[in-house]
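Observations on the three-dimensional arrangement
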Amino acid sequence: TKVAPQTEPGLPAGEVKGQASDDALAAPKSRWEECLFKLDWLVILLLSVLPSGLVIAGFSLLGMGLTVFNAMASSSYNMIGNGLGALCVFWVFLMFVFDWHKMYRPLRLFIGLLFFCLLAAASVAKGVSYPWAVVLFVLCIGPAAQLDVRMSRRDQAGRQKFYRTVGVSSLVTIALVTAVWVPWTFLTSYSSSGGQWTAATRAQMVQDSQKTYDFVYEPRSLNYTADCGPNMVEDSDENVASAIAKACKKAKTVWFLVWMVPFLAILFNLLIAIFCLLQSRLDLNKREGVQALLEQFVLLVVFGLTGIYATLYAAGASVQVASGMITFFAATIFALTVYTYHEVRPEVIEEMAESSKMVRYMAKLYHMDFMRALGVLLCNVWIPLLIALDVVRQRVRRCRGLTQEQTMYTKTGQLVVDELRDWNWCSIFVKVNLLVELAAVLILGGKFTFILFSWLSVKLAPVSFFLVLALVFAVGCAMFLLPPVPGSAVYMFAGIVIGGKAQTEAFTSNADANFWIGVVIGAVLGLVAKLVACVGQYFIGYLLGKNVKVQKLIGVDTVFTRAMEKILNQKGMKLGKVAILVGGPDWPISVTCGILKLNIPSMLLGTLPVFFASIAPQTLVGALMSKQTTEEDESFWSAVNAASTCLAAGAQAAASLIAMQSITSTIEKYHDELSQEREEHRQVAELTKKNAALVQACKTVSEWGTLATPRKAVVFGSAALQVLVFFMFVLDYVVGELCFRKFTINSRIDWAFDKGGLDGKVINIVKVPIGWAVLGVFGVAVCLHQLHVWDMNRLARRMLQEGSEGGKE
């Protein structure tokens, strides 16, 4: 029996138990507290302005950016940075073990400030190696300190007013940075064109960065003109040439970042302002506010995951841009998790689950083994490490006399351990295997897709323009029908081939006009191929959907799938419908439409906006790769390339965000209707009942407590190896070229390694020895996974057979 959620006595109906109203929190209790209350808002404003001012003064072209990075261009500072980085990690462990968050506030502030100083020193010392890190670190000081103000003044500062003030302060910071940066760009005498992004400014920055060029390549100093410029003389040794090319990119990243710092400060504060102003509208003392916050958390996590998925394929256009965007999306997910945990207590979520269908559904998702497997995959070694540190923390507490309990773990640690003990670890390890295997198929499929398209673009170069159009259309339609092939690769391929071919055609006497004609033709051809492929994918789903097992696999009888079906059955260009068709992966969405037997013209109509969200920008990215540019305008088109890549990935993520919001709203509104049994799904329900005995038997034989040690070793070993493989795949994107060589869609197979090619062999995409070792480990993990699945099915069928024979007797 469900019990209606309780409210605190004297609070209006609908308020969350245990929390006073926001106005009550905001009210000061004395004149002294009123002074502190007003001072807090001044502190918040300063904490928004000062980090941006510091980063501009210390790391931008307006200030001492090149001077600072040149000063850090030393092997001694690099080693100091490594030592300070290790010390910071050790310091975090000590803060955890000694309960830093429970210390007396002045001591807590002192230790925290000391840690920030160490981290700042480490990031500055490693500035040339990781220039983005020091800039982002300084910018993040403000939000971190503002959060401390929020926690320390919780009884004076109301939540809504706090976030409103932070949002307004960030907007003020944007105005100040813009007011300084824009006039300086045009009025400074830094170069003949001021501070604008021109060849003169770049040449001056290169000249001022000579100490950085002296440092980035250890054997000798680099000369930009001879080693890094467009007229450079390549070394005859391929290994040396490749090392010099990497060093040149590292130095270029430094001075490019120095010029970009003001824009990054504006973008960072804009994101903070938007987020905080949205949060200021939520009253967490009301059930509606808590539910809205939880829904925002789910939606933004989906936004981040979709952004990572979309950016993985953007790596085919710009590996550096892709690495930065993956880091951004991953950091967003982490920050959202910390924020939501801080703002909403677990008991509030449990209370909300009793009254809100959506929160109840979200809680159900949390308890799914797939979600827990995703958490294990992302946290991996941090889970046992934090448990071990919790044991040490409990012993330290006993030594300090803070507790008399003789338990191994602290209360919080014991709750976590008890929760982990109740998990179905055998099932979770199997799900970890499935997730990594899916990721491996997508990653490897994407890489070899780029190789195939690169080879095709070479073969199509001598073909006539109109025959190229026909072949690109045929290849695009065929590739769309393959599940691992991303649509972005097809669009970029069309841009490279058609855009490059159009520049040699005499449509007009203007080369740029011919280029844009090629972009338009390529984008329109990509749209037609997409729509034709959607119909083909639809009929694949339609035929597969006649199989009851396939219907059960995609969950046609689940609330989530039925909510998506209800949205897609809407007439016209509804926002939620368009977002699902545009934001979802190409193959799964169209095939699902076929399985659900949706209306084809309606599906195609809702797919049309993909032209603006994905096809046009990604076709432009591909065309820019083949555009013939001069040194004077190369930087402009490179910026357009990067912006188009970001736009495509951002649009994909935004569409997924809107789609998820539409699905969650539909579930909340029509949950009871979507949960009812349907006649057309009767066979699926019968299959579920038929397999119930086998499913239950599999659960019984795979219970972790009763599983034999050798069988535990098999499934745990497979999952551990898969986690290692996943970690190496991630490291390959973050660090670069650990497992696979960087090969973009406009590279050539026969190019040398230092030029981004594969030296004539496709197999060289995998690096020796790490790449092949990782793939070997992956193969062993897959074999262990299949062995475990076969073994569990065998045991389950034997149990059913023995039970059946026992019943007959």
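Residues numbered from 1 in each chain as written. Predicted model: local features only at pLDDT ≥ 70, side-chain atom pairs only at ≥ 80, totals over all residues. Heavy atoms only, no water.

**Looking at the overall build of the chain**
- The helix and strand inventory of the chain stands at 32 helices and zero strands.
- In the chain, the proportion of contacts linking residues at least 24 apart, taken out of those at least 6 apart, comes to 77%.
- On the chain, roughly 40,100 Å² of surface is accessible, and the fraction owed to carbon and sulfur atoms is 67%. (Helix = DSSP H or I, 4+ residues; strand = E, 2+ residues; numbered from the N terminus. Contact = heavy atoms within 4.5 Å. Areas by Shrake-Rupley, 256 points an atom, 1.4 Å probe, with all protein chains shown as cover.)

**Topic: the nonpolar core**
- Among the nonpolar cores identified, the biggest contains 41 residues, and Val-55, Phe-59, Leu-61, Val-135, Tyr-213, Leu-222 and Val-261 are the most heavily contacted of them.
- For this core, the secondary structure elements donating two or more residues are α2 (31–59), α3 (65–72), α6 (131–152), α7 (159–187), α8 (199–208), α9 (210–216) and α11 (238–279).
- In terms of residue count, α11 provides more of this core than any other element does, 15 residues in total.
- When sequence neighbours within four positions are dropped, the list of residues in contact with Leu-61 reads Leu-66, Trp-184, Tyr-190, Thr-201, Met-205, Val-258 and Trp-259. (Core = buried A, V, L, I, M, F, W, Y, C linked by side-chain atoms within 4.5 Å. Buried < 20%, exposed > 50% of the residue type's maximum accessible area, 1.4 Å probe, protein only.)

**Topic: the environment of Phe-116**
- Its location among the elements puts Phe-116 in helix α5 (residues 105–125).
- The exposure class assigned to Phe-116 is partly exposed, which follows from its relative accessible area of 31%.
- In sequence terms Phe-116 and Ile-141 are 25 residues apart; their C-alpha atoms lie 8.4 Å from each other.
- Leaving out residues up to four positions away in the same chain, Phe-116 has contacts with Phe-137, Ile-141 and Ala-144.

**A word on unusual backbone geometry**
- Backbone torsion omega between Val-768 and Pro-769 reads 0°, so that peptide bond is classified as cis.
- Structurally, Pro-769 can be placed in the loop between α31 (709–736) and α32 (770–808).
- Here the phi dihedral of Asp-99 falls at roughly 55°; this positive angle occurs in a residue that is not glycine.
- With respect to the element layout, Asp-99 can be found in the loop between α4 (75–97) and α5.
- You will see that Asp-759, though not glycine, has its phi angle at about 55°, which is positive.
- Mapped onto the elements of the fold, Asp-759 is located in the loop between α31 and α32.

**A short note on the state of the cysteines**
- Counted under the stated rule, the structure contains one disulfide.
- Shown here is the disulfide that connects Cys-228 with Cys-248, its sulfur atoms set 1.9 Å apart. Every disulfide takes its handedness from the sign of the S-S torsion; for Cys-228 and Cys-248 that torsion is -70°, giving left-handed. A residue pair is termed long-range when its members are at least 10 positions apart, and Cys-228 in helix α10 (residues 224–228) and Cys-248 in helix α11 qualify at 20 residues.
- Judged by relative accessible area, Cys-228 falls into the buried class, the value being 17%. (Disulfide = S-S within 2.5 Å.)

**Some remarks on the side chain of Thr-449**
- Summarising the element assignment, Thr-449 is placed in helix α19 (residues 425–459).
- Note on Thr-449: relative accessible area 6%, which makes it buried.
- Among all residues touching Thr-449, those that are not within four sequence positions of it are Met-479, Val-485 and Ala-489.

**Notes on the pattern of salt bridges**
- The tally for this structure, following the rule as stated, stands at 10 salt bridges.
- Residues Arg-711 and Asp-791 are paired through a salt bridge, measuring 2.4 Å at the closest nitrogen-oxygen approach. Residue Arg-711 is located in helix α31, and its partner Asp-791 is located in helix α32; the two are separated by 80 residues in the primary sequence.
- By relative accessible area, which is 11% here, Asp-791 ends up buried. (Salt bridge = Lys/Arg side-chain N within 4 Å of Asp/Glu carboxyl O.)

**Examining the confidence of the model for the chain**
- Averaged over every residue, the pLDDT of the chain is 80; the share at 70 or more is 84%.
- Low pLDDT (under 50) marks residues 17–30, which in the prediction has 34 contacts with non-local residues, meaning those over four places away or in another chain.
- This model gives residues 315–320 a pLDDT under 50, and the stretch forms 17 contacts once residues within four places in sequence are excluded. (pLDDT = per-residue confidence, 0-100.)

**What to know about the packing of helix α20 (residues 465–480) against helix α21 (residues 487–502)**
- The contact between α20 and α21 brings their axes to 10 Å, and the two run at 175°. Comparing the axis directions of α20 and α21 gives the class roughly antiparallel. Judged by residue contacts, Phe-465, Val-468, Leu-469, Val-472, Val-475, Gly-476, Met-479 and Phe-480 of α20 engage Gly-487, Val-490, Tyr-491, Phe-493, Ala-494, Val-497, Ile-498, Lys-501 and Ala-502 from α21.
- Residues that form the contact of α20 with α21 fall into these classes: 14 nonpolar, two polar and one charged. (Axes fitted to C-alpha atoms, helices over the stretch in contact; angles between N-to-C directions. Parallel < 35°, antiparallel > 145°, perpendicular 65-115°, else oblique. Nonpolar A, V, L, I, M, F, W, Y, C, P; charged D, E, K, R; others polar.)

**Details of the packing of aromatic side chains**
- Going through the model one piece at a time under the given rule, you end up with 21 aromatic pairs.
- Members of the aromatic cluster, connected to one another through ring pairs, are Trp-181, Trp-197, Trp-255, Phe-256 and Trp-259.
- Across the ring face of Phe-370, the terminal group of Lys-431 is positioned such that the distance to the ring centre comes to 5.6 Å.
- Geometry around Tyr-542 places Lys-597 over its ring, the cationic atom sitting 5.4 Å from the centre. (Phe/Tyr/Trp six-rings, centres within 6.5 Å; stacked < 30°, edge-to-face > 60°. Lys NZ or Arg CZ within 6 Å of the ring centre and 35° of its normal.)

**Some details on helix α28 (residues 610–625)**
- In this model α28 runs 22 Å from its N-terminal to its C-terminal C-alpha over 16 residues, within 8% of the 22 Å that 1.5 Å per residue would give.
- For α28, the tally of buried residues reaches 14 of 16 residues, placing the bulk of the element in the interior. (Expected span 1.5 Å × (residues − 1).)

**Let's talk about the side chain of Asp-390**
- With respect to the element layout, Asp-390 can be found in helix α17 (residues 382–399).
- For Asp-390, a relative accessible area of 4% gives the class buried.
- In this view, Asp-390 contacts Phe-96, Met-408, Tyr-409, Thr-410 and Gly-413; residues no more than four positions away in its chain are not counted.

**A closer look at a nonpolar patch on the surface**
- Nonpolar side chains collect at one region of the surface, where Leu-171, Phe-263, Leu-267, Leu-270, Leu-271, Ile-274 and Leu-278 lie side by side and expose about 570 Å² of accessible area between them.
- Among the elements that take part in the nonpolar patch, α11 stands out by supplying six residues, more than any other.
- Structurally, the position occupied by Leu-270 is in helix α11. (Patch = residues over 30% accessible without salt bridge, like charges linked within 9 Å, V, L, I, M, F, W, Y side chains within 5 Å.)

**Thoughts on the environment of Gln-570**
- With respect to the helices and strands, the residue Gln-570 is situated in the loop between α24 (559–568) and α25 (575–583).
- Through-space distance from the C-alpha of Gln-570 to that of Asn-599 is 9.8 Å; in sequence the pair is 29 residues apart.

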